[in-house]
Amino acid sequence: MSLAVAIQMDPVETINIDADSTFVLGLEAQRRGHALFHYGPRQLFLRDGRVYARARPMQLRRERGNHFTMGAEQTLDLATLDIVLMRQDPPFDMAYITATHLLEHIHPATLVVNDPVHVRNAPEKLFVTHFPGLMPPTLITSDRAEVIEFRKEHGDIIIKPLFGNGGAGVFHLVPADENLNALLELFTQLYREPVIVQRYLPEVREGDKRIILVDGEPMGAVMRVPAAGEARSNLHVGGKAIKTKMTNREREICEAIGPALKSRGLVFVGIDVIGHHLTEINVTSPTGIQEINRFDGVQIETKIWDAIEQRYAEGGKRRPT
């Protein structure tokens, strides 16, 4: 089965081929005989009720400094394709949300992964609040008095932007820290949305575990350990990836959220777990495949494509006449 696959992503020349999850998804698609097209979210547009993208045929290879070849740009009617992978990085802003609205016009006749409606409805720090008992104590608010009261109760806290990503804007405030008011003023100037405040989890010093789920089933995990003097474990800010295994508690978390992920068409999801607590459900452009593959000797991208192809087959694609 050869499919026409468009990948909506950031510039391919900027990716790290040793870490990027979209890259290995593209390689696996090629291995299966699928044709690849690349376009950025700014090349997506709606005209007279049809969704188009100015896209280029793409070939990928694992050669540093020579990892892609692009063909000539062409305007594609996305309804004539089989699969669209929505893989651009956050921030989850109005541009991102607009892209989900446009792709909703073609899904599911053209299968969009992940389902754009549920990507839009599942911001990673908000979606997790629908699963009681899994999160650490959490406050989402624009009210300064509520933040102060939360801090009085929990002392050691983390404060971060509600729609932030990649560890940007994450602050750890110990009880004696005098910067809370200044931080709230700064957040008010930078963001219109509420902030998210959580009880600090000291287990983060041992690592923040990224678990990959495919159609709601856990496929593997990698531990991301923060650098000395750093509260964030994100790999691009100095966190170190180390081999790990899933605990019984983490399997319980996956069992609790898995059916909701699968029913919403969230095929490829990455969750973050610190200690016994689920902190985020990443549905936009989750990463971690290559690190888990190297540590565990697996190929998670094959499981993702198996799931995509199964959904495609069950959907009974009908091309426009």
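First things first, this report covers the structure right here in the doc. These numbers come from a predicted model, not from an experiment. (Residues numbered from 1 in each chain as written. Predicted model: local features only at pLDDT ≥ 70, side-chain atom pairs only at ≥ 80, totals over all residues. Heavy atoms only, no water.)

1. Some details on the packing of helix 8 (residues 289-296) against helix 9 (residues 300-315)
- In contact at an axis separation of 9 Å, helix 8 and helix 9 are set at 120° when each is read in the N-to-C sense. The angle between helix 8 and helix 9 falls in the class oblique. Contacts between helix 8 and helix 9 pair Ile 289, Ile 292 and Asn 293 from the former with Ile 300, Glu 301 and Ile 304 from the latter.
- Of the residues in the contact of helix 8 with helix 9, the class split is 4 nonpolar, 1 polar and 1 charged. (Axes fitted to C-alpha atoms, helices over the stretch in contact; angles between N-to-C directions. Helix = DSSP H or I, 4+ residues; strand = E, 2+ residues; numbered from the N terminus. Parallel < 35°, antiparallel > 145°, perpendicular 65-115°, else oblique. Contact = heavy atoms within 4.5 Å. Nonpolar A, V, L, I, M, F, W, Y, C, P; charged D, E, K, R; others polar.)

2. Overview of the sheet that holds strand 10 (residues 157-161)
- As summarised here, the arrangement of the 4 strands in space is 9-12-10-11, forming an open sheet in which the pairing is antiparallel. The two strands at the open ends of the sheet, each matched to only one other strand, are strand 9 (138-141) and strand 11 (171-173). Neighbouring strand axes in the sheet, compared pairwise and without regard to direction, differ in orientation by 20° on average.
- Of the pairings in the sheet, the one linking strand 10 to strand 12 (residues 195-199) comprises 5 bridges and is antiparallel in character. (Pairing = 2+ DSSP bridges.)

3. Some details on the sheet that holds strand 14 (residues 217-225)
- Taken together, the 5 strands give an open sheet; going across it, the order is 15-14-13-16-17, and neighbouring strands pair in antiparallel fashion. The open sheet is flanked by strand 15 (240-243) and strand 17 (277-282), the only strands paired with a single partner. Taking the axes of each pair of neighbouring strands and ignoring which way they run, one obtains an average angle of 30° across the sheet.
- One ladder, built from 6 bridges, connects strand 13 (residues 208-214) with strand 16 (residues 268-274); its direction is antiparallel. When the bridges of strand 16 are listed, Lys 209 appears paired with Val 273.
- Packing of helix 9 onto the sheet brings it into contact with strand 13, strand 14 and strand 16, and relative to strand 13 it is tilted by some 35°.

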